[in-house]
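# A closer look at the structure
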Amino acid sequence: MEESDRAGEKRIAILGSGKGSNARAILEAEHCGKLGARIALILSDRPGVGILEVAGEYGVPARVVNPGTSRGGVLSDEALAEILRMVREAEIDLIACAGFMRILRDPLLSAFPGRILNVHPSLLPKYPGLKAVARALEAGEKETGCTVHLVDAGVDTGRILSQKRVPIRGGDTVESLTARIHEAEHQAYVEVIAGW
Ligand code: GAR
């Protein structure tokens with residue numbers, strides 16, 4: 001790509017493992033001219049997931065990365081090298097994890113210092129890791145929410161950039177609460193990326 005083609009344009013890669021509702025919200029914001037950035041690449045560790053269909057709908061190049069056989073959500077060295085190669089090739093400035101259920105580590109973290117974001121469905125530091133919505137509900141919390149944060153070597157431990165609160169109502173199920181948290185996530189993630 002010619003340098004002049006991308007003057008001043010922030011290029012973003014979205015990494016996801018699932019439905020892709022956050023990716024859709026970010027792409028929608030881009031298409032409405034509210035993002036001030038280009039989603040240039042979508043990567044998933046799982047074939048056939050919704051986020052890849054979302055990429056297709058919006059005409060964004062999408063790739064599946066084989067995560068390797070490492071346990072506990074840790075990506076193999078080969079997978080990390082592959083991700084790094086692809087984001088460099090696409091001249092990515094910022095990586096946004098959106099439901100990417102894998103743990104990132106070096107050399108990717110040090111190649112993008114302070115430039116990898118994640119969204120998590122709780123008010124961190126409460127309920128990091130898996131099943132955050134169910135755990136907040138089971139604990140009898142009156143509110144939960146979402147957090148957009150920088151990714152570091154820990155699990156959901158990086159610097160918090162934005163949080164939105166979501167009340168927990170009597171009769172809420174994991175599904176109903178997850179739906180309201182998703183709405184908050186979509187707003188928070190678009191705001192953070194637009195302000196980047
Ligand atoms: C989102 O709720 C996100 O916060 C969560 O996965 C969901 C992905 O939804 N991520 C984590 O739990 C990471 N710890 P989406 O695929 O519809 O955007």
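I will try to describe carefully the structure that is included in this document. This is a predicted model, so every value here is computed, not measured.

### So, the site of the ligand
In the region of the ligand, 13 residues are neighbours, and Gly 20, Ser 21, Asn 22, His 120 and Glu 185 sit closest. Measuring from an oxygen atom of the ligand, one finds a backbone N or O atom of Lys 19 at 3.3 Å. Within the backbone of Pro 121, an N or O atom sits 3.4 Å from an oxygen atom of the ligand. A molecule is said to occupy a pocket when more than half its atoms come within 2 Å of that pocket's grid points, and by this definition the ligand occupies the largest pocket. Among the elements of the structure, helix H1 (21-31), strand S5 (116-120) and helix H6 (174-194) are those that each provide at least two residues to the shell around the ligand. For the shell around the ligand, the residue count by class is 3 nonpolar, 7 polar and 3 charged.

### What about H1?
The periodicity of an α-helix, 3.6 residues per turn, causes residues three or four positions apart to be oriented the same way. Most of H1 is tucked away, with 8 of its 11 residues classed as buried. Buried within H1 are the following residues: Ser 21, Asn 22, Ala 23, Ala 25, Ile 26, Leu 27, Ala 29 and Glu 30. Check the buried side of H1 and you find it contacts strand S1 (10-16), strand S2 (37-44), helix H2 (50-58), S5 and H6. Of the residues one or two after H1, Gly 33 is the one with positive phi, at around 75 degrees.

The rules behind each value
Throughout this document, residue positions are counted from 1 along each chain, in the order its sequence is written. The predicted origin of the model limits local features to residues at a pLDDT of at least 70 and limits the giving and counting of side-chain atom pairs to 80 or more, whereas totals for whole chains, interfaces and linings rest on all residues. Working from all heavy atoms in the structure, the side-chain values ignore hydrogens and water. Here, proximity means that at least one heavy atom of the residue falls within 4 Å of the molecule or strand. Throughout this description, a polar contact denotes any pair of N or O atoms lying within 3.5 Å of each other; where both atoms belong to protein, one of them has to be capable of donating a hydrogen while the other can accept it, and for residues adjacent in sequence the pair is counted only when both atoms sit in side chains. Space inside and on the surface of the protein is sampled on a 1 Å grid over the protein atoms alone, with a cavity defined as a set of points where a 1.4 Å probe fits but cannot get out and a pocket as an open set with protein on both sides within 12 Å along at least 5 of 7 lines; lining residues have an atom within 4 Å of a point. To qualify as sitting in a cavity or pocket, a molecule needs more than half of its atoms within 2 Å of the grid points. Under the DSSP-based scheme used, a helix requires at least four consecutive residues in state H or I and a strand at least two consecutive residues in state E, with every element numbered from the N terminus. Charged means Asp, Glu, Lys or Arg here, nonpolar means Ala, Val, Leu, Ile, Met, Phe, Trp, Tyr, Cys or Pro, and polar covers whatever is left, Gly included. In this scheme, a residue with accessible area under 20% of its type's maximum is buried, one over 50% is exposed, and one in between is partly exposed, where area comes from a 1.4 Å probe on protein chains only. Every residue pair with non-hydrogen atoms within 4.5 Å of one another is taken to be in contact.

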